[in-house]
Amino acid sequence: MFKKILYPTDFSECAQAAIPYIKTMKKAGTKELVILHVIDIRQSTIIDTTAFGETFIYPYDISDILKKEAESQMKTLIKQFSRIFHVTPLIVEGIPFKEIIHAAKLHKVSCIVMSSHGKSNIEEMLLGSVTEKVVRKSPVPCLVIKRA
Ligand code: ATP
Ligand code: MN
């Protein structure tokens, strides 16, 4: 039932809370782990109004910087999991919830394991917006780890 799981992460402290639970899933029969980070295309362009004084509006693409940062974070995760599972690390660009659902289907995972909250971690929210959409649209069971 949990043979191949998908762990989507924004690399935040909340997202890391799922790690110890994922590790124990070996006992539930998990063999393969797909780790997915989505570079949010809505955040990969910065409009820098301070460049060259205030007269210029200078949009620039920071997706290369985000990709490098994501690769380094991903390496740390691979190290943590590769002794336990067969790991497939994925870094893609897009809208997070859409890419998570797409990856779940494409890689035929049996379960999605993720934290209830992420980078924003707004106290009043029962679930972060990505987790809420994933739970709504996922074709497979989701295990949502509550924040501490
Ligand atoms: P919000 O983004 O709605 O302001 P939040 O950041 O607290 O609130 P979410 O973004 O829903 O909450 O994050 C919850 C979980 O969703 C994260 O722990 C992570 O598992 C997943 N997630 C969020 N963003 C991404 C992303 N860019 N790539 C992969 N997984 C993500
Ligand atoms: Mn978020």
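Located above this text is the structure these notes cover.
Residues numbered from 1 in each chain as written. Chains lettered and ligands numbered in written order. Predicted model: local features only at pLDDT ≥ 70, side-chain atom pairs only at ≥ 80, totals over all residues. Heavy atoms only, no water.

A.B. asks: Is there a simple way to think about the sheet that holds strand 2 (residues 32-40) in this case?
C.D. replies: Strands in a sheet are paired, the pairing made by backbone hydrogen bonds, and the direction either parallel or antiparallel. The strand order across the open sheet formed by five strands is 5-2-1-6-7, and the pairing between neighbours is parallel. What marks the edges here is a single partner per strand, and that holds for strand 5 (86-94) and strand 7 (142-145). The average angle at which neighbouring strand axes cross in this sheet is 20°, direction not considered. Looking at chain direction, strand 6 (residues 111-115) and strand 7 are connected through four bridges and run parallel. Residue pairing for strand 7: Met-114 is matched across the bridge by Val-144. Together, strand 1 (4-8), strand 2, strand 5 and strand 6 form the strand contacts of helix 4 (residues 96-106), whose direction differs from that of strand 2 by roughly 155°. Packed onto the sheet, helix 5 (residues 129-137) meets strand 6 and strand 7 and runs at close to 160° relative to strand 6. (Pairing = 2+ DSSP bridges. Helix = DSSP H or I, 4+ residues; strand = E, 2+ residues; numbered from the N terminus. Axes fitted to C-alpha atoms, helices over the stretch in contact; angles between N-to-C directions. Contact = heavy atoms within 4.5 Å.)

A.B. asks: Would you explain the pattern of salt bridges in this entry?
C.D. replies: Proximity of charged atoms lets side chains of opposite charge pair with each other. Counted under the stated rule, the structure contains four salt bridges. Measuring nitrogen to oxygen at the nearest pair gives 2.8 Å for the salt bridge that ties Asp-40 to Arg-42. Here Glu-93 makes a salt bridge to Lys-67, at a shortest N to O gap of 3.7 Å. You can see Glu-93 sitting in strand 5 and its partner Lys-67 sitting in helix 3 (residues 63-81), a full 26 residues away along the chain. For Lys-67, a relative accessible area of 31% gives the class partly exposed. (Salt bridge = Lys/Arg side-chain N within 4 Å of Asp/Glu carboxyl O. Buried < 20%, exposed > 50% of the residue type's maximum accessible area, 1.4 Å probe, protein only.)

A.B. asks: Is there a simple way to explain the state of the cysteines in this structure?
C.D. replies: Here, disulfide denotes a covalent bond that connects the sulfur atoms of two cysteines. Applying the stated rule across the entire model yields zero disulfides. Looking at the unpaired Cys-14, the closest cysteine sulfur is the one in Cys-142, lying at 17 Å. Cys-111 supplies the cysteine sulfur nearest to Cys-142, a cysteine that is in no disulfide, at a spacing of 7.0 Å. Accessibility expressed as a relative area gives 26% for Cys-142, which makes it partly exposed. (Disulfide = S-S within 2.5 Å.)

A.B. asks: Just checking my understanding: could you explain the nonpolar core for this structure?
C.D. replies: When a protein is soluble and globular, its nonpolar side chains tend to lie buried together. Ranked by internal contacts, the top residues of the largest apolar core, which has 19 residues, are Tyr-7, Ile-22, Leu-33, Ile-35 and Phe-81. When contributions to this core are tallied by element, the ones reaching two or more residues are strand 1, helix 2 (19-24), strand 2, helix 3 and strand 6. Beyond its immediate sequence surroundings of up to four residues, Ile-22 is in contact with Ile-5, Tyr-7, Leu-33, Phe-81, Phe-85 and Val-113. With 15 residues, the next largest nonpolar core counts Ile-101, Ala-104, Val-134 and Val-140 among its residues. (Core = buried A, V, L, I, M, F, W, Y, C linked by side-chain atoms within 4.5 Å.)

A.B. asks: Quick question: what am I supposed to make of the side chain of Ser-12 here?
C.D. replies: Tracing the chain through its elements places Ser-12 in the loop between strand 1 and helix 1 (13-16). Aside from chain neighbours lying at most four places away, what touches Ser-12 is Gly-118 and Lys-119.

A.B. asks: Can you help me understand helix 4 in this one?
C.D. replies: An α-helical turn contains 3.6 residues, so a residue and the one three or four places further along point in the same direction. Among all positions in helix 4, only Pro-96, Phe-97, Ile-100, Ile-101, Ala-103 and Ala-104 are buried. Buried positions in helix 4, seen along its axis, are confined to an arc of 160° and lie on one side of it. In this structure, helix 4 carries Lys-98, Lys-105 and Leu-106 as exposed residues pointing more than 90 degrees from its buried face. Looking at the buried side of helix 4, the elements it contacts are strand 1, strand 2, strand 5, strand 6 and helix 5. At the exit of helix 4 stands Lys-108, carrying a positive phi of roughly 50°. (Arc of directions from axis to C-beta.)

A.B. asks: Explanation requested: the site of ligand 1 in the structure shown.
C.D. replies: Surveying the vicinity of ligand 1 reveals 20 residues, the closest of which are Pro-8, Ser-120, Asn-121, Ser-129 and Val-130. Between Ser-120 and ligand 1, the recorded distance is 2.7 Å, taken from a side-chain N or O atom to an oxygen atom. Asn-121 has a polar backbone atom sitting 2.8 Å from an oxygen atom of ligand 1. Expressed as a share of its isolated accessible area of 620 Å², the protein-covered part of ligand 1 is 88%. Elements represented by at least two residues in the shell around ligand 1 include exactly strand 2, helix 4, strand 6 and helix 5. (Near = heavy atom within 4 Å. Polar contact = N/O pair within 3.5 Å; in protein donor to acceptor, adjacent residues only side chain to side chain. Areas by Shrake-Rupley, 256 points an atom, 1.4 Å probe, with all protein chains shown as cover.)

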